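Below, each chain spelled out in residue letters.
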Amino acid sequence: MEPVYFDHNATTPVDDAVLEAMLPYFQQEFGNASSRHGYGLSARRAIDKARKQVADAVGVQPVQVIFTSGGSEANNLFIRGATDSLKPGNLYISAIEHPCVLKPAQALSRRSCDAWAMHQLAVNASGQVDLEAAGDAMQNHKPGLVAVMLANNETGVIQDVASVAELARSHGAYIHTDAIQGLGKIPVDFSELKVHAMTLSAHKIYGPKGAAALIVDKRLLLKPLIYGGGHENGLRSGTENVPAIVGFGVACELAQARMAETAQHVSLLRNQLEKGLIGMGAVIFGSAAARIPNTCYFALPNIEGDTLVVKLDKAGFAVAAGAACSSVNPGQSHVLNAMQVDPMLARCAVRVSLGRSNTLEQIDDFLRTTQRIVAELKQTSSLSF
Ligand SMILES: Cc1ncc(COP(=O)(O)O)c(C=O)c1O
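Rules used throughout
- Residues numbered from 1 in each chain as written.
- Predicted model: local features only at pLDDT ≥ 70, side-chain atom pairs only at ≥ 80, totals over all residues.
- Pairing = 2+ DSSP bridges.
- Helix = DSSP H or I, 4+ residues; strand = E, 2+ residues; numbered from the N terminus.
- Contact = placed C-beta atoms within 7 Å.
- Axes fitted to C-alpha atoms, helices over the stretch in contact; angles between N-to-C directions.
- Buried ≥ 20, exposed ≤ 12 C-beta atoms within 10 Å, placed from the backbone.
- Arc of directions from axis to C-beta.
- Parallel < 35°, antiparallel > 145°, perpendicular 65-115°, else oblique.
- Left-handed = near helix turned anticlockwise from the far one by under 90°.
- Nonpolar A, V, L, I, M, F, W, Y, C, P; charged D, E, K, R; others polar.
- Domains from an automatic or database assignment.

Participant: Honestly, the sheet that holds strand S12 (residues 320-321) in this entry has me stumped. Any pointers?
Facilitator: The pairing of strands in a sheet happens through backbone hydrogen bonds and is either parallel or antiparallel. Taken together, four strands build an open sheet; the order of strands is S9-S10-S13-S12 and the sheet is antiparallel. The open sheet terminates on both sides in strands that have one partner only, identified here as strand S9 (283-284) and S12. For strand S10 (residues 295-299) and strand S13 (residues 349-353), the ladder comprises five bridges, and the chain directions are antiparallel. Pairing of Tyr 297 across the sheet is with Arg 351, part of S13. Each of S9, S10 and S13 touches helix H7 (residues 242-279); the most contacted strand, S10, lies at about 5° to it.

Participant: Explanation requested: helix H6 (residues 161-170) in the structure shown.
Facilitator: Structurally, the α-helix is built with 3.6 residues per turn, so residues lying three or four positions apart point the same way. Within H6, the full set of buried residues consists of Val 161, Val 164, Ala 165, Leu 167 and Ala 168. Projection of H6 onto a plane perpendicular to its axis shows the buried side chains occupying an angular sector of 160°, all on one side. Elements in contact with the buried residues of H6: helix H5 (131-140), strand S5 (143-147) and strand S6 (174-178). Two residues or fewer past H6, Gly 172 is found with a positive phi of approximately 75°.

Participant: What is the right way to look at the sheet that holds strand S2 (residues 65-68) in this model?
Facilitator: Strand order in the open sheet made by the seven strands is S2-S8-S7-S6-S5-S3-S4, with mixed pairing throughout. Among the strands making up the open sheet, the edge pair consists of S2 and strand S4 (117-121). Strand-to-strand twist across the sheet, computed as the mean angle between neighbouring axes with direction ignored, equals 20°. Examined bridge by bridge, strand S3 (residues 90-94) and S5 share four bridges and lie parallel to one another. Bridge pairing links Asn 90 to Pro 143 in S5. Along the sheet, helix H2 (residues 38-58) makes contact with S2, strand S7 (197-201) and strand S8 (212-216), crossing S2 at roughly 115°.

Participant: Teacher, can you tell me more about the packing of helix H8 (residues 305-314) against helix H11 (residues 360-379) here?
Facilitator: A pair of packed helices is captured by two measures, namely the crossing angle of their axes and the spacing between those axes. Across the interface, H8 lies against H11 with an axial gap of 10 Å and an inter-helix angle of 125°. One element, H8, and the other, H11, form an angle in the oblique class. Note that H8 runs across H11; the crossing there is right-handed. Seen from H8, the contacting residues are Thr 307, Leu 308, Lys 311 and Leu 312; seen from H11, they are Thr 369, Ile 373 and Leu 377. Looking at side-chain class alone, the contact of H8 with H11 contains four nonpolar, two polar and one charged residues.

Participant: What am I meant to see in the environment of Leu 183 here?
Facilitator: With respect to the helices and strands, Leu 183 occurs in the loop between S6 and S7. Residue Leu 183 is classed as buried on the basis of its 27 C-beta neighbours within 10 Å. Sequence separation between Leu 183 and Ala 202 is 19 residues; the distance between their C-alpha atoms is 9.4 Å. Those residues within four positions of Leu 183 in sequence are excluded, and the remaining contacts are Ala 57, Val 188, Leu 200, Lys 204, Ile 205 and Ala 255.

Participant: In this structure, what is going on with the domain arrangement of the protein chain? I would like to understand it.
Facilitator: By a widely used convention, the size of an interface equals the accessible area lost when the partners come together. When cut into domains, the protein chain gives domain 1 (4-12 + 259-379) and domain 2 (16-253). Taking only C-alpha atoms into account, the centre of domain 1 sits 27 Å from that of domain 2. Contacts between the two partners involve 27 residues from domain 1, matched on the other side by 28 residues from domain 2. Broken down by secondary-structure element, the contributors of at least two residues to the side of domain 1 that touches domain 2 are H7, S10 and helix H9 (334-338).

This is how it looks when you write it as structure tokens:
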């Protein structure tokens, strides 16, 4: 039997309709979109169509979409590209950003020739940015740039991006949101969030890996990370990955069309899951806050997360341990750290992130399996860290 996939915040399978739309662009329609002949024009038309599909998903004009090789590149493009074109000042990021926002911001603040100073916006115990503390901090050190993610990849907690944006704008700062984990799970509207830039990625919404976008307001000045032939309005050179971009466009359309139905389905499953886990004594991180409907981040006290993940994998369930999106760098989750979770409990963190094809039977099986594993672990007393 195929293992049950409960790790949709890490990545999702490519939808059949997405794959079907992509396939012609590998062979028959393989042209370079910069070429003037028929092959090139066909590739250009395909990119234009995808640009409109992506733009429509978040309520912007196609010209505002800059395609990149992934969400990581788009986030780096914002941090590096905006700081390079503005007068140096204060860069604020939330303490729970994905490493592809956190690390370029840290790198920037370490470069002595740059006068950019990085500040982290604290979160409360539920994982939400503390707006009052953010307001106070920005009074003391006026922001030039601000980045606050829409939904956290570990906890699923949704941020009040529009309020942070108002705060940032009141100081004349530019604001970015990484909306990768929000797209397709909750409504995402560029204007309503009041941001100047937003990152989206295809592979979290049943699209292919290697396609993403930075959405920009025309008032935001950016310098490219990659110079060359001047693709994407000069902001991201490199021959376009046409099949992946086509897939991204279709995935955006599907995500919009299916959002309400999927949200209802996965919420039902998550409620059942969390009821069962709480019955086993689990702590659910971020459950007091609004969350994207598919994510459950829990800890069973004294059951190490990594151990549980490996045992669940053997038993046929693919889930993630804490700091799962960066599990190439295992260690304590900086998100739980920012939420001031006891480090002993943080070591027990496990993330289940549900998707459209999961079922209630899978949840029930998972709960039974987890209960059995926990009982075995307790018996063999491999509980002490
Ligand atoms: C919130 C968030 N930002 C950025 C990324 C990176 O995106 P990508 O995998 O497209 O580079 C991810 C996923 O890994 C993510 O969950």
